[in-house]
Amino acid sequence: MMTVTALPRLPRPGTTRPLALDVARSEWTKLRSVRSTYWTFAAAIASMMGIGAIFALIFANQYSGLSVAEKATFNPTSVSLNGYLFAQLAIGVLGAIVVTSEYATGMIRTTFAAVPNRRLVLAVKAGVFAAITAVVGVVSSFGAFFIGQAILSGNTPHASIGDPGVLRSVVGAGLYLAVLGVLAVGIGVLIRRTAGAVAAVVGIFLVLPIVVAAIGTPAGTVSKYLPSAAGQAIFHTAAPGQHSLSPWLGFAIFVGYAIATLAVAATLLVRRDA
Amino acid sequence: MITADRLTKRYGPTLAVDDLSFEVSPGKVTGFLGPNGAGKSTTLRMILALDAPDSGTVTLDGQAYDALRRPLYDVGAMLEGKAVHPGRSAADHLLVLARSNGIPDRRVDEVLDLVGLTSVARKRAGEYSLGMGQRLGIGTALLGDPGTLILDEPVNGLDPDGILWIRNLLRSLAAEGRTVLLSSHLMSEMSLTADQLIVIGHGKLIAESTVDEFIERRAHHFVRVRSTAVERLGLLLRNQGATIDTEADGALAVTGVDATAVGDLAAAHGIALHELSTQRASLEEAFMEATHDSVDYRTDTDTQAATRERVSQ
């Protein structure tokens, strides 16, 4: 007869520690214990710096051939941060997958059995993901900026971090990725399936701006309020006007989109069966 | 103590759980039995507040599950399927859960050791065999040293050693005064592990009793008799009000009188008996009998095969 090894008893702690802190440690452990997290953040960092460097190289070679009008609107900071185009896809996809993979594997039921407060789980999950993405985003954004400006130096106009609006842009590009990550987590909860959620993220940040531009609404009255354009206002340092919102107003609207998506997601998360 | 009170759950047009009430007491292993599609997993999900009932309530020691802040100290659950991210190692999976409830990290190693996964703790859960996955599920349930254990099909995919291991584990956990509820479609396993049974079919309660009572009440018992004078004995027994069937090997299957009466009657008439035994139905058979009308998908051969399997006493 096989004997059963006794499991040591576990005293229940008289803990007064906030539950959110425990859930945050758990969500952090989830992220750092699967490979997709590392690959996707690596892809985001590589895009931010690599694609930014490529844009800088192109402009460094072609600057002398630009028209006077093009030279007038040339913004070396924006050019070096253009890697966001691809980095945002990596972050958006990861944000969605952080949720949809739990639905796909059944882990979501384990998660909610461990922490029945679903709103708390969602808030903490989005918060932890946003915090990591902000760090990764801001660091890679600085990297992209310095690499890009180094490439542009010489005869091409280039920016320094102390120039007006430059620091805001560089930090802003990283924050844009973090808020986009929160939005993607919310979309993941709403759609629950990886393919659908990824399609929605790509649709909102890549397809929608193109479609709205193609429809040709009166001079950007609609397009500047899209999540993508509003969020990007913080690092596209062209003067705000009809085509773009002021940096902080745009960013505030972008944050509003993310919070609204998360709020709807939380309501559905509580109402629906896991 | 788990108390379900008139639980009802509908998925679209399907009534998955229908006005189901039962109690699961501490200190015993309670088997939750029913054919596939009977509503077992749905009921377990409602206990864990994963699915919301359309009506009715279920409580654990008087509290709703979602009122528990750190439930792993009170209730350990092993859910259907693996419910684990396949890219995460067993150790990390347990660490994720331990931290979510503020359970110390060292507990993970203790649990891995108990369920015998220490040597593969760093392996990705997706590479686990079915049996290893079940062991991880049981480890998950034991993480918080809970007073209540809810296990959905814990024996599935375990080898005979593993089955014996979990049977002993569950019995010893119940002996410590814990509430243990396990679902299974393996009736024979239930008869060895469970003390108490909750049987459902089509979402409705069919029986709530001890395993022995359930078999006693539901199953067909008979006395098996072999003799060279079966015809004469058969006639005598019929006169006593017994019902006689003939088994495939020529033995009599007698119902309506017990073995003592058959033996006495044979002795009184000088009939030599070559075999006299009471045939007790298995839990399998009692279950078939009880759920006969509530099985969604049944083949006649399945039923016959199960009926043929008898446990002699």
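In this text, all values refer to a predicted model and were calculated from it rather than measured experimentally. (Residues numbered from 1 in each chain as written. Chains lettered and ligands numbered in written order. Predicted model: local features only at pLDDT ≥ 70, side-chain atom pairs only at ≥ 80, totals over all residues.)

Q: How would you sum up the overall build of chain A? Please name residues and give values.
A: If you tally the helices and strands in chain A, you get 11 helices and 0 strands. Listing every helix and strand of chain A by position from the N terminus yields α-α-α-α-α-α-α-α-α-α-α. Overall, chain A is about 85 × 40 × 35 Å in size when its C-alpha atoms are taken along their principal axes. Here chain A, with 274 residues, has 47% of them falling under the buried criterion. Pairs at least 24 residues apart make up 78% of the contacts formed inside chain A by residues separated by at least 6 positions. (Helix = DSSP H or I, 4+ residues; strand = E, 2+ residues; numbered from the N terminus. Buried ≥ 20, exposed ≤ 12 C-beta atoms within 10 Å, placed from the backbone. Contact = placed C-beta atoms within 7 Å.)

Q: Can you tell me about the overall build of chain B, naming the residues and giving the values?
A: The number of helices and strands found in chain B is 11 helices and 14 strands. Taken along the three principal axes of its C-alpha coordinates, chain B extends 75 × 45 × 35 Å. A fraction of 69% describes how many contacts in chain B between residues 6 or more apart in sequence connect residues 24 or more apart.

Q: I'd like a description of the interface of chain B and chain A, backed by residues and values.
A: Taken together, the 46 residues of chain B in the interface contact 35 residues of chain A. Residue composition of the side of chain B that touches chain A, grouped by class: 24 nonpolar, 11 polar and 11 charged. (Nonpolar A, V, L, I, M, F, W, Y, C, P; charged D, E, K, R; others polar.)

Q: Tell me what's going on with helix H8 (residues 166-191) of chain A, and back it up with residues and numbers.
A: Think of an α-helix as 3.6 residues a turn; residues three or four steps apart then line up on the same face. Residue and element names in this part refer to chain A. The end-to-end C-alpha distance of H8, which contains 26 residues, comes to 37 Å, matching closely the 38 Å that a straight helix rising 1.5 Å per residue would cover. In the structure, H8 departs most strongly from a straight axis at Gly172, where the bend amounts to approximately 25°. With 21 of 26 residues buried, H8 is to be regarded as a mostly interior element. One or two residues past the end of H8 sits Arg192, with phi positive at roughly 70°. (Expected span 1.5 Å × (residues − 1). Bend = angle between axes of the 7 residues up to and from the residue.)

Q: Break down the environment of Phe22(B) for me, with residues and values.
A: Residue and element names in this part refer to chain B. Following the sequence through the fold, Phe22 ends up in strand E2 (residues 14-24). Spatially, the C-alpha atoms of Phe22 and Glu208 are 7.4 Å apart, while their sequence positions differ by 186 residues. Among residues more than four places away in sequence, those in contact with Phe22 are Ala4, Ile198, Leu205 and Glu208.

Q: Please give an account of the domain arrangement of chain B that cites residues and values.
A: Looking at chain B, the domain boundaries give domain 1 (2-216) and domain 2 (221-280). Here domain 1 of chain B and domain 2 of chain B have C-alpha centroids that lie 45 Å from each other. (Domains from an automatic or database assignment.)

Q: If you had to explain the pairing of strand E8 (residues 196-201) of chain B to someone new, which residues and values would you point to?
A: Residue and element names in this part refer to chain B. Counting buried positions along E8 yields 6 of 6 residues, so the element is predominantly enclosed. Burial along E8 is two-sided: the face carrying Gln196, Ile198 and Ile200 and the face carrying Leu197, Val199 and Gly201 are both buried. As paired strands, strand E3 (residues 29-33) and E8 are joined by 4 bridges and run parallel to one another. Bridge pairing links Thr30 to Gln196 in E8. Sheet topology note: the E8/strand E9 (residues 204-210) ladder contains 6 bridges and is antiparallel. Along E9, the bridge assignment pairs Gly201 with Lys204. Between E8 and E9, which pair antiparallel one after the other, the connecting turn spans 2 residues, and His202 there sits at a positive phi close to 50°. (Pairing = 2+ DSSP bridges.)

Q: How would you sum up the sheet that holds strand E4 (residues 55-60) of chain B? Please name residues and give values.
A: Residue and element names in this part refer to chain B. If you walk across this open sheet you meet the 3 strands as E2-E1-E4, and the pairing is antiparallel. Two strands lie at the open edges of the sheet, namely E2 and E4, each paired on one side alone. Averaged over neighbouring strand pairs, the angle between their axes works out to 20° when direction is ignored. Where strand E1 (residues 2-11) lies against E4, 5 bridges are found, and the strand directions are antiparallel. When the bridges of E4 are listed, Asp5 appears paired with Thr57. Along the sheet, helix H1 (residues 40-47) makes contact with E1, E2 and E4, crossing E1 at roughly 120°. (Axes fitted to C-alpha atoms, helices over the stretch in contact; angles between N-to-C directions.)

Q: Run through the nonpolar core, naming residues and quoting values.
A: The biggest cluster of nonpolar side chains holds 152 residues, and the ones touching the most others in it are Ala96(A), Tyr176(A), Val179(A), Val201(A), Leu48(B), Leu94(B) and Ile150(B). Take this core: its biggest share by element is 15 residues, from H8(A). Filtering out sequence-adjacent residues up to four positions away, Ile150(B) remains in contact with Leu44(B), Ile47(B), Leu48(B), Val75(B), Ala77(B) and Leu181(B). Core analysis: the next-biggest nonpolar cluster, separate from the first, contains 10 residues, Phe222(B), Val225(B), Leu233(B) and Leu237(B) among them. (Core = buried A, V, L, I, M, F, W, Y, C linked by C-beta atoms within 7 Å.)

Q: Tell me about the packing of helix H2 (residues 35-62) of chain A against helix H5 (residues 84-105) of chain A, and name the residues and values.
A: Residues and elements named next belong to chain A. Where H2 contacts H5, the two axes come as close as 7 Å, and the packing angle between them is 165°. Between H2 and H5, the crossing angle belongs to the class labelled roughly antiparallel. Viewed along their axes, H2 and H5 form a crossing whose handedness is left-handed. In this structure, H2 contributes Ser36, Thr37, Thr40, Ala43, Ala44, Ser47, Met48 and Ile51 to the contact, and H5 contributes Tyr84, Leu85, Phe86, Ala87, Ala90, Ile91, Val93, Leu94 and Ile97. (Parallel < 35°, antiparallel > 145°, perpendicular 65-115°, else oblique. Left-handed = near helix turned anticlockwise from the far one by under 90°.)

Q: Give a detailed account of the pairing of E2(B), specifying residues and quantitative values.
A: All names here are of chain B. As paired elements, E1 and E2 share 7 bridges and run antiparallel to each other. Across the sheet, residue Ile2 finds its bridge partner in E2, namely Val24. Connecting E1 to the next strand, E2, in antiparallel fashion are 2 residues, including Gly12 with a positive phi near 60°.

Q: Summarise the sheet that holds E9(B); cite the residues concerned and give the values.
A: By way of backbone hydrogen bonds, the strands of a sheet pair with one another, either parallel or antiparallel. All names here are of chain B. Pairing within the open sheet is mixed, and its 6 strands lie in the order E5-E6-E7-E3-E8-E9. Strands at the two margins of the open sheet, each flanked by one partner only, are strand E5 (75-78) and E9. Neighbour to neighbour, the strand axes of the sheet diverge by 15° on average, direction disregarded. Sheet strands touched by helix H5 (residues 160-175): E3, strand E6 (148-152) and strand E7 (179-184). Its angle to E7, the strand with the most contacts, is close to 150°.

Q: Please provide a residue-by-residue account of the packing of helix H2 (residues 90-100) of chain B against helix H3 (residues 106-115) of chain B, values included.
A: In helix packing, the relevant descriptors are the interaxial angle and the interaxial distance, both defined with respect to the helix axes. Residues and elements named next belong to chain B. In the contact formed by H2 and H3, the axes pass within 9 Å of each other and the chain directions differ by 130°. It follows from the interaxial angle that H2 and H3 lie oblique. H3 is crossed by H2, and the crossing has right-handed handedness. Residues Ala90, Ala91, Leu94, Leu95 and Ala98 of H2 pack against Arg107, Val108, Val111 and Leu112 of H3. Here the contact of H2 with H3 is built from residues that sort into 8 nonpolar, no polar and 1 charged.

Q: Give me unusual backbone geometry: which residues, what numbers.
A: All names here are of chain B. Positioned with a positive phi, Asp19 is a non-glycine residue whose angle comes to about 55°. Its 14 C-beta neighbours within 10 Å are what place Asp19 among the partly exposed residues. Within the chain, Ala49 stands out as a residue other than glycine whose phi angle is a positive 60°. Here Ala49 shows up in the loop between H1 and E4. Note on Ala49: 22 C-beta atoms within 10 Å, which makes it buried.

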